[in-house]
Amino acid sequence: MRKQQKIWELEHQHSTSLPTLASKKPSSFVIKFLRYLRSKSLHFPLKTVDVGSGKGRNAIYLAKEGYSVYAIGYIQFTLDIIGKEAKRQDCERNIHLYKNAIDRKWPFRNNFFDLAIDCFSSIDIETRKGRIIYKTELLRTLKPGGYALVTVVSANDEIERGLMKKYPGKEKNSVIWPHNGKFQKNYDERELRDFYKEFQILKLQENKKRAFKLGKNYIATNYWMILRKPLAELL
Ligand SMILES: C[S@@+](CC[C@H](N)C(=O)[O-])C[C@H]1O[C@@H](n2cnc3c(N)ncnc32)[C@H](O)[C@@H]1O
C-alpha cells in the first residue's frame, strides 16, 4: 500500500486531523454547486462522479437528492461505510462504489458523466504526474458541456501557510504535514487557472469559513471552482 493511502486509512479510522470529513453533513460547496446547477435546465438522473469520496458525506447527500453517484476511493472500508449508509438512508439504487485510485485510469467510458465533484481530494495526490492523470480522466469521462465542482485549499490558508514555511514539500505551495507525513498540494489562483486550462472556468472564488482542523478552530481559506468541459466542437 502506498504511504499516502496508509495515512488516509488511519485518518479515516480515527478522524484526528480533519473530523468534519466524518460528518454526515455535505460540504457547503456541494450545496452551492447544486444551487448553481438548479439554474440550468438539467434533467435527472444526473450521473455524477465523486472523486475521492471519503466516508461519503457528499455522495449520500447527492444520492438522496436524486443524483446517480459513482463514488471512487482507494480505501475499501470507507466504500463499505458508504454502501451501508446508502442502505440505511434508502438511496442504495443511486450509489455505485468503485475501488480505484483517482490518479490511475478510471473504469468509465468517455463522456459518461454529467457532473463531477472533487471536494478536497486531488490536492492529496502526491505527484504532479498523478494529478495530471486525474485531470485527464476528469476531462475524458465528463460529457461535453458537463460541469465539475473542484475545491482546494488556498496557499493563503492560515494553517497551511505556517506549515508550508516549516515543512514544505518539493513542489510549489505543497506541504508535508509533520504529525503524519501527509502530502498536500495547495494552490494560488494563477496555478489553478493554469492547471485547469483545458476546461472552461465558469467560477473561481476564494472562500473563507470557520473550520476545525488539526485541533484548531480557525478561519479556513479555500478556493471553489465550477468547471465545464468544452462542447465537442471546441475540443
Ligand atoms: C480531504 S478527503 C475528502 C473526502 C471527500 N471528498 C469529502 O469531501 O468528504 C480526501 C480524500 O481523497 C482520498 N484520496 C486521496 N488521494 C487519493 C487517490 N490517489 N486515490 C483515491 N482516493 C484518494 C482520500 O482517501 C480521502 O478520502
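Overview of the structure. (Residues numbered from 1 in each chain as written. Predicted model: local features only at pLDDT ≥ 70, side-chain atom pairs only at ≥ 80, totals over all residues.)

1. Notes on the overall build of the protein chain
So, step 1. Tallying secondary structure elements over the protein chain gives seven helices and nine strands in all.
So, step 2. Scaling as 2.2 N^0.38, a compact globule of 235 residues should have a C-alpha radius of gyration of about 18 Å, and the protein chain matches this with 17 Å.
So, step 3. The principal-axis extent of the C-alpha atoms belonging to the protein chain is close to 50 × 40 × 35 Å.
So, step 4. Residues counted as buried form 38% of the 235 residues belonging to the protein chain.
So, step 5. Of the contacts formed within the protein chain by residues at least 6 apart in sequence, a portion of 65% connects residues at least 24 apart. (Helix = DSSP H or I, 4+ residues; strand = E, 2+ residues; numbered from the N terminus. Rg over C-alpha atoms; globule rule 2.2 N^0.38 Å. Buried ≥ 20, exposed ≤ 12 C-beta atoms within 10 Å, placed from the backbone. Contact = placed C-beta atoms within 7 Å.)

2. Section: the site of the ligand
So, step 1. Around the ligand sit 20 residues in total, of which W8, G52, G54, C119 and D124 are the nearest.
So, step 2. Residue composition of the shell around the ligand, by class: ten nonpolar, seven polar and three charged. (Near = placed C-beta within 6 Å. Nonpolar A, V, L, I, M, F, W, Y, C, P; charged D, E, K, R; others polar.)

3. A few points about unusual backbone geometry
So, step 1. Its identity is not glycine, yet N173 carries a phi of approximately 50°, on the positive side.
So, step 2. By secondary structure assignment, the location of N173 is in the loop between α6 (158–166) and β6 (174–176).
So, step 3. In this structure N173 comes out as buried when scored by C-beta crowding, with 20 C-beta atoms within 10 Å.
So, step 4. Despite not being glycine, L214 has its phi angle at roughly 50°, a positive value.
So, step 5. If you trace the backbone, L214 turns up in the loop between β8 (200–213) and β9 (216–228).
So, step 6. Among the residues examined, L214 registers 16 C-beta atoms within 10 Å and is labelled partly exposed.

4. What about the sheet that holds strand β2 (residues 68–73)?
Sheet strands line up and pair through hydrogen bonds in the backbone, either parallel or antiparallel.
So, step 1. Here we have seven strands laid out as an open sheet, ordered β3-β2-β1-β4-β5-β9-β8, and mixed in their pairing. Where the open sheet ends on each side, the last strands, each with one partner, are β3 (95–99) and β8. Within this sheet the neighbouring strands show an average axis-to-axis angle of 15°, counted without direction.
So, step 2. Of the pairings in the sheet, the one linking strand β1 (residues 47–51) to β2 comprises five bridges and is parallel in character. For T48, the partnering residue across the bridge sits in β2 and is V69.
So, step 3. Contacting β4 (113–119), β5 (142–153), β8 and β9, helix α2 (residues 28–38) crosses the sheet at an angle of about 150° to β5. (Pairing = 2+ DSSP bridges. Axes fitted to C-alpha atoms, helices over the stretch in contact; angles between N-to-C directions.)

5. Overview of the nonpolar core
So, step 1. Counting 47 residues, the largest nonpolar core has A63, A71, I95, A116 and L149 as its most contacted members.
So, step 2. Ranked by the residues each element gives to this core, the list is headed by β5, at seven residues.
So, step 3. Not counting residues within four places of it along the chain, the set of residues in contact with A116 comprises T48, V49, V51, L138, L142 and A148. (Core = buried A, V, L, I, M, F, W, Y, C linked by C-beta atoms within 7 Å.)

6. Here we look at helix α1 (residues 3–14)
So, step 1. Look at α1: 17 Å from first C-alpha to last across twelve residues, which is about the 16 Å you get at 1.5 Å a residue.
So, step 2. One or two positions beyond α1, positive phi appears at S15, with a value near 50°. (Expected span 1.5 Å × (residues − 1).)

7. With respect to the pairing of β9
So, step 1. In the sheet, β5 pairs with β9 via seven bridges, with the strands oriented antiparallel. Its bridge partner being in β9, A148 is matched across the sheet by L227.
So, step 2. Across 13 bridges, β8 lies against β9 in antiparallel orientation. Each bridged residue has a counterpart across the sheet, and for Q205 the counterpart in β9 is W224.
So, step 3. Connecting β8 to the next strand, β9, in antiparallel fashion are two residues, including L214 with a positive phi near 50°.

8. A few points about α2
So, step 1. Within the sequence span of α2, burial applies to F29, V30 and F33. Axial view of α2: buried residues confined to an arc of 100°, hence all on one face. In α2, the exposed residues that point more than 90 degrees away from the buried face are R35 and R38.
So, step 2. Close packing links the buried residues of α2 with α3 (57–64), β4, β5 and β9. (Arc of directions from axis to C-beta.)

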